[in-house]
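Secondary and tertiary structure notes
Listed below, chain by chain, are the residues.
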Amino acid sequence: MADPPGCCRPCATCLLCLYSCQWITAKKEKRKGLRTTKCDCSWFLFLFCVFLFTLVWLYFAIIILNDFHNFNEFVFKQQKLWLDWSLVLLIATAVLITYSTVLLVLALCLQLCGQPLKLHWLHKTLLIITALVVAAAFTGLGIKWADEWKSARISLQETGPFLHIGIVGGMTLLAWPLASVVYRTRNTGLKVFLLLVYSAVMIALYLAPLGITSPCIMEENQLPPKPALVGHRGAPMLAPENTLMSLQKAVDCEVQVFETDVMVSADGVPFLMHDEKLTRTTDVQKVFPERADMNSTAFNWTELQQLNAGNWFLERKPFPTVQSLSDSDRDEVTKQRIPSLEQTLEAAKESNISIMFDLRPENHSDYQSFVNATLDVILKSGIPLQQVLWLPDDCRKQVKERAPGIQQIYGRKRDQNKTEQLQRINLSYQHISFEEIRQYRQDNISVNLYVVNQPWLFSVLWCAGVSSVTTNACQVLKEMQHPIWLLPSRTYLMIWIVVDCVSFLTILWAFLLLKKCSQRRQPVESETDVLLTKINSLMQD
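The paragraphs below set out a description of the structure included in this document. (Residues numbered from 1 in each chain as written. Predicted model: local features only at pLDDT ≥ 70, side-chain atom pairs only at ≥ 80, totals over all residues. Heavy atoms only, no water.)

**Here's the deal with the packing of aromatic side chains**
Using the criterion set out here, one finds 17 aromatic pairs in the structure. Relative to F511, the ring of Y183 has its centre 6.5 Å away and its plane inclined at 70°; by these criteria the two rings are edge-to-face. On the criterion of sequence distance, the pair formed by Y183 in helix α7 (residues 175-184) and F511 in helix α20 (residues 489-540) is long-range, its members being 328 residues apart. An aromatic cluster of at least three residues, connected via ring pairs, comprises F53, W57, F60, F138 and W149. Positioned above the aromatic ring of F288 is the side chain of R291, whose terminal nitrogen or guanidinium carbon lies 5.6 Å from the ring centre. One residue, R396, lies across the ring of Y410, its end atom 4.0 Å from the ring centre. (Phe/Tyr/Trp six-rings, centres within 6.5 Å; stacked < 30°, edge-to-face > 60°. Helix = DSSP H or I, 4+ residues; strand = E, 2+ residues; numbered from the N terminus. Lys NZ or Arg CZ within 6 Å of the ring centre and 35° of its normal.)

**Observations regarding the environment of H482**
Structurally, the position occupied by H482 is in the loop between α19 (474-477) and α20. Residues H482 and L223, spaced 259 residues apart in sequence, show a C-alpha to C-alpha distance of 9.4 Å. Leaving out residues up to four positions away in the same chain, H482 has contacts with E220, L223 and W462. In this structure the side chain of H482 is engaged in a polar contact, spanning 3.0 Å, whose partner is the side chain of E220. (Contact = heavy atoms within 4.5 Å. Polar contact = N/O pair within 3.5 Å; in protein donor to acceptor, adjacent residues only side chain to side chain.)

**Remarks on empty space enclosed by the protein**
By the definition in use, this model includes 2 cavities of 30 Å³ or more. Among the residues forming the lining of the largest cavity, the class breakdown is 6 nonpolar, 4 polar and 1 charged. The space that makes up the second largest cavity amounts to roughly 50 Å³. N66, D67, H69, N70, H232, V451, N453 and N472 together form the lining of the second largest cavity. For the lining of the second largest cavity, a count of residues per class yields 1 nonpolar, 6 polar and 1 charged. (1 Å grid on protein atoms, 1.4 Å probe; cavity = no way out; pocket = protein on both sides within 12 Å on 5 of 7 lines; lining within 4 Å. Points joined across faces, edges and corners; volume = space filled by probe spheres on them. Nonpolar A, V, L, I, M, F, W, Y, C, P; charged D, E, K, R; others polar.)

**Considerations on the environment of V460**
Along the polypeptide, V460 turns up in helix α18 (residues 455-464). Overall, V460 belongs to the buried group, its relative accessible area being 0%. V460 sits 25 residues away from W485 along the chain, and the two C-alpha atoms are 9.0 Å apart. Residues within four places of V460 in sequence aside, it is in contact with I154, E158, P215, C216 and F434. (Buried < 20%, exposed > 50% of the residue type's maximum accessible area, 1.4 Å probe, protein only.)

Right, dumping it as structure tokens:
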């Protein structure tokens, strides 16, 4: 098999060795008669599918980073092991996508050089393993974390215009190896099939923007106000969650509301704590080893004050930002204790920040007494009641009677069949559509969505018009003065037309150029054949 023009023998040798894992097949004299079989073509198609599969998983992996802290907490509660599993996810995904990408590039280069696609059995095995791993990841995501499919839908609306440009660009580059295959193969049926499939895909891509909708395709003067920030347990990336230090860091981030969780101790003192057990955010295993697995409400206030609520933050490093803490902040972290609700309300009053909380656990037999104890502390604190946002649904009527000034915020959508008019709602960002957000905004209903950590998600919710978002990353979102991108519809239309035209012209040029190259080689081969025929005739005569 002759090396085609433009592809030097060392390059072809190197490509073959990497793809086929056999040095002997890289020698020209050993490659005579070697060709790409139907089985080899099937493996190339499998390679291409695995590449697309891993690329889609990479997209999902980036999306779920917004909610991955929840997964870390879930694993800790089940296994008592803390690890930032997002690093494991990203490293594993990077290895898989890099491997499949390198193999695909090698295969395309071999095709352009006219070399056989003899994939080695080791690569075949690793590709099968890659496909199984990614399939298992998608299956696990669908079973245990199905809400992330909704996150993907939101992300597609945010990144749709850019994904369209990227996919069109990738398919345009694919025109070169495709044209090479078309002009090298003698199978007319295969040529027609490849051209039809490729044409159908490109037509669909060229028309795809007709179905792309994004909240950020709007004029600059239509952009809603920037959503207010609600600190999820304070500023948990800068200080231990649900501590006074975390509240102060949230104030420094210009957060308007401190979101927390309240429990009541065995002797009736409301305090801040999210988990039902104290093992994740305190040193209870060291101070009370025999009682470490007991519920938080089983400890009295004196016992709770013996626990350190900050050292775990430095030891486990729940967020990468812990590494950048100053020495003074580290020293303050080690002094943190579990704050009572009374202490928290006093700090909120001084900082002029609102407080929104859930009262836990909802299924406790003494929940009614928890409500009374919590209301007593709120009323005695002297904090303006409009700064308190009440989340629990149970005993809401009682709360309205005792403290009518408290702001009621609901964890559900409004019911059109009920006469009750909701003024504030608090929902997961995955459980509300952009159309509902716009409708609530028109009806002057405040919408708070949780938990929003990534700038891309904050941007799309900003464009959609949400009132506020609950976040772990207040220090990041605070600095955003504008959505990541905002595109007027006319500008998007022009970009769409230009990209499609450039793509079409590039594809046309690729096919014409390769056709010209193939026709240039054909006459040389034909003249040689004629000359040999004449020589043979003369010898016979």
